[in-house]
Amino acid sequence: MTHDDTPGDRRGFLKCMAWAGTGALFTVSGGLASSIGLDQAVAAPAKAQGFTFLQISDSHVGFNKPANPDAKATYQEAVSKILSLPQKPDFILHTGDITQLSKDQEFDDADQIIKQVGLPVFHVPGEHDMLDEGAGKAYLDRFGKETKGAGWYSFDHKGVHFVALINVVNLKAGGMGSLGADQLEWLEKDLSGRPSSQPIVVFAHIPLWTVYADWGWGTDDAAQALSYLKRFGSVTVLNGHIHQITQKVEGNIAFHTARSTAFPQPVGGQGPSPGPLKVPTEQLRSMLGITTATFVRGREPIALVDQTLAT
Amino acid sequence: MSKTLKAGAAALALGLATLTGAGVSFPALAQAPAAASAAVKIDNFVFGPQALTVTVGTTVTWINQDDIPHTVVADDRHTFKSRVLDTDERFSFTFTKPGEYGYFCSLHPHMTGKVIVKAG
Ligand SMILES: [Cu+2]
């Protein structure tokens, strides 16, 4: 990912970064609308304007097993797809598992591919990005410069507040994903004082709702995080990890997981394990893809459109 | 199908390694439990057998037969801890004290297993 030369200023960082990735395109819709409450007078976020951003996920650069002998090539295809989008997104969120084994070469290869989009890219790590001897040092050296703790951070863009959460470290035996007390405390502070009308986008690798517990597809302490988000009128939670589209709406919170750009996984419980799903070669690209998010000023939730690499 | 073959080959290889490593004939091996070995296969995100009973001095070797990397980490996080095991990679640990040792995969913590070590 491209690094900004003005550390400390995530907004500047956002503007300077290059877009990359094949993911989801999101349109963010307002939440600020016409009501100006007391809380807003305190926090006074920038007025929300319409824009789009993309989500890409689980590129697993370095993966070369039967389910996809060349994950680098399909990541490149995803980038080509982004470059061909009619509307240029403002930036890209990569929701983790950039690499297969956290090797320097894999991070470098991924970087060479994503930088072609010329857009800012915001990362969170997946468990595959924390496998180096330093247990995540390779990732943090590259992407953790302006982050806290295990790599969490937040930023604002055109009135929308984006929060990057890490739920792939210090996992407990028998458990699922975990945010941890320190990060939860930071999150509570990060959100406090913000007007409930401000749209919030949270992104993390492992889903923040329990998609399938037997395969660990959830986050043990997600309920605590969601309790801090409940008062907001528009919350969008974006994840990867399970290599398939899932969606759920709970109150004002919309959950969405994106496809991988590398290989599909079975639906929870439908198969012997959550391992890579081998499909006929001609079907593979219809199970990989990117997500576009569109934010329109107003009260509607962010619109998410998933596209496959086959289309 | 090729996976089953691979698994069989791995188990066989492990058995051979033990025999040649000990450099002894079968009766001598039977009298030398200190050189005993056992294997745990990681297959479809499951440690098999999930509970393994061995005697003190046994070396347990975990073999990852999945297309996804896994780790083997003791519940206390320090008694034993493998580096990441990619496909077909192994990790071995020799148990020198009796007890029950729970462990898990730190990438996929729903994967758990235990080794029960009995006094010789
Ligand atoms: Cu695992």
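Above: the structure in question.
The notes below deal with the structure included here. All of these numbers come straight from a predicted model, not from anything done at the bench. (Residues numbered from 1 in each chain as written. Chains lettered and ligands numbered in written order. Predicted model: local features only at pLDDT ≥ 70, side-chain atom pairs only at ≥ 80, totals over all residues. Heavy atoms only, no water.)

### Examining the overall build of chain B
Right, on to step 1. Helix and strand content of chain B: two helices and eight strands.
Right, on to step 2. Counting from the amino terminus, chain B carries its helices and strands in the arrangement α-α-β-β-β-β-β-β-β-β.
Right, on to step 3. Across the 120 residues of chain B, 40% fall into the buried class.
Right, on to step 4. Once local pairs closer than 6 in sequence are excluded, the contacts in chain B between residues at least 24 apart make up 51%.
Right, on to step 5. Just so you have it, chain B exposes about 5,900 Å², and 61% of that area is on carbon and sulfur atoms. (Helix = DSSP H or I, 4+ residues; strand = E, 2+ residues; numbered from the N terminus. Buried < 20%, exposed > 50% of the residue type's maximum accessible area, 1.4 Å probe, protein only. Contact = heavy atoms within 4.5 Å. Areas by Shrake-Rupley, 256 points an atom, 1.4 Å probe, with all protein chains shown as cover.)

### Here's the deal with the packing of aromatic side chains
Residues and elements named next belong to chain A.
Right, on to step 1. Applying the stated criterion to the full structure yields 30 aromatic pairs over all chains.
Right, on to step 2. Their ring planes at 35° and their centres at 6.4 Å tell us that F51 and F91 sit as a pair that is tilted. Of the two residues, F51 is situated in strand β3 (residues 51-56) and F91 in the loop between α3 (71-83) and β4 (92-94); the sequence distance between them amounts to 40 residues.
Right, on to step 3. One aromatic cluster is present, formed by F51, F53, F91, F122, Y153, F155, F162, F203 and F295 through successive ring pairs.
Right, on to step 4. Geometry around F255 places K248 over its ring, the cationic atom sitting 5.9 Å from the centre. (Phe/Tyr/Trp six-rings, centres within 6.5 Å; stacked < 30°, edge-to-face > 60°. Lys NZ or Arg CZ within 6 Å of the ring centre and 35° of its normal.)

### Notes on the interface of chain B and chain A
Right, on to step 1. The interface is formed by 18 residues belonging to chain B together with 25 residues belonging to chain A.
Right, on to step 2. Remark: the boundary between chain B and chain A carries one salt bridge.
Right, on to step 3. A salt bridge links B:D86 to A:K65, with the shortest nitrogen-to-oxygen separation between them at 3.5 Å.
Right, on to step 4. Applying the counting rule to chain B against chain A returns five residue pairs in polar contact (both at pLDDT 80 or more).
Right, on to step 5. Grouping the amino acids of the side of chain B that touches chain A by side-chain chemistry returns seven nonpolar, six polar and five charged. (Salt bridge = Lys/Arg side-chain N within 4 Å of Asp/Glu carboxyl O. Polar contact = N/O pair within 3.5 Å; in protein donor to acceptor, adjacent residues only side chain to side chain. Nonpolar A, V, L, I, M, F, W, Y, C, P; charged D, E, K, R; others polar.)

### Description of the environment of A:V117
Residue and element names in this part refer to chain A.
Right, on to step 1. Assignment of secondary structure puts V117 in the loop between α4 (104-114) and β5 (121-123).
Right, on to step 2. What makes V117 buried here is its relative accessible area of 8%.
Right, on to step 3. Distance in space between the C-alpha atoms of V117 and K81 is 9.9 Å, their sequence separation being 36 residues.

### So, the sheet that holds strand β5 (residues 73-74) of chain B
Residue and element names in this part refer to chain B.
Right, on to step 1. On the basis of which strands lie adjacent, the open sheet formed by four strands has the order β3-β8-β7-β5 and mixed pairing. A single partner strand is all that each edge strand has here, and the edge strands are β3 (51-55) and β5.
Right, on to step 2. One ladder, built from six bridges, connects strand β7 (residues 99-104) with strand β8 (residues 112-118); its direction is antiparallel. Note that in β8 the partner of F104 across the bridge is T112. (Pairing = 2+ DSSP bridges.)

### Focus on the nonpolar core
Right, on to step 1. Of all hydrophobic cores here, the largest spans 70 residues; its most connected members are A:F53, A:L93, A:F162, A:L165 and A:F203.
Right, on to step 2. A:A67, A:A262, B:A38 and B:F45 belong to the second-largest nonpolar core, a separate cluster that totals 31 residues. (Core = buried A, V, L, I, M, F, W, Y, C linked by side-chain atoms within 4.5 Å.)

### Focus: the layout of surface pockets
Right, on to step 1. Reported here for the largest pocket is a volume of approximately 530 Å³.
Right, on to step 2. For the largest pocket, the lining is made up of 19 residues, of which A:M130, A:D132, A:A135, B:K81 and B:S106 are closest to its centre. (1 Å grid on protein atoms, 1.4 Å probe; cavity = no way out; pocket = protein on both sides within 12 Å on 5 of 7 lines; lining within 4 Å. Points joined across faces, edges and corners; volume = space filled by probe spheres on them.)

### A word on the environment of A:K172
Right, on to step 1. Mapped onto the elements of the fold, A:K172 is located in the loop between β7 (160-164) and α6 (181-191).
Right, on to step 2. C-alpha of A:K172 to C-alpha of A:T292: the two residues are 120 residues apart in sequence and 34 Å apart in space.
Right, on to step 3. Not counting residues up to four positions away in its chain, the partners in contact with A:K172 are A:S178, B:R77, B:F104 and B:P109.

### Overview of the packing of α3(A) against α4(A)
All names here are of chain A.
Right, on to step 1. Relative orientation of the contacting elements α3 and α4 amounts to 25°, with a least axis distance of 9 Å. For the element pair α3 / α4, the angle class is roughly parallel. Crossing of α3 against α4: the hand is right-handed. Here α3 contributes K72, Y75, Q76 and V79 to the contact with α4, which in turn contributes D109, A110, I113 and I114. (Axes fitted to C-alpha atoms, helices over the stretch in contact; angles between N-to-C directions. Parallel < 35°, antiparallel > 145°, perpendicular 65-115°, else oblique. Left-handed = near helix turned anticlockwise from the far one by under 90°.)

### Quick look at the pattern of salt bridges
Residues and elements named next belong to chain A.
Right, on to step 1. Summed over all chains, the structure comprises 12 salt bridges over all chains.
Right, on to step 2. Here E185 and K189 are joined by a salt bridge, their closest N and O atoms 3.4 Å apart. Pair noted here: E185 and K189 are both in helix α6, with a separation of four residues, about one helical turn.
Right, on to step 3. Linked through salt bridges whose partners overlap, the residues forming this network are D104, D108 and R142.

### Focus: the packing of α6(A) against helix α7 (residues 222-229) of chain A
All names here are of chain A.
Right, on to step 1. One way to put it is that α6 packs onto α7 with a least axis distance of 10 Å and a crossing angle of 5°. By the angle between their axes, α6 is roughly parallel relative to α7. Residues L184, L187, E188 and L191 of α6 pack against Q224, A225, Y228 and L229 of α7.

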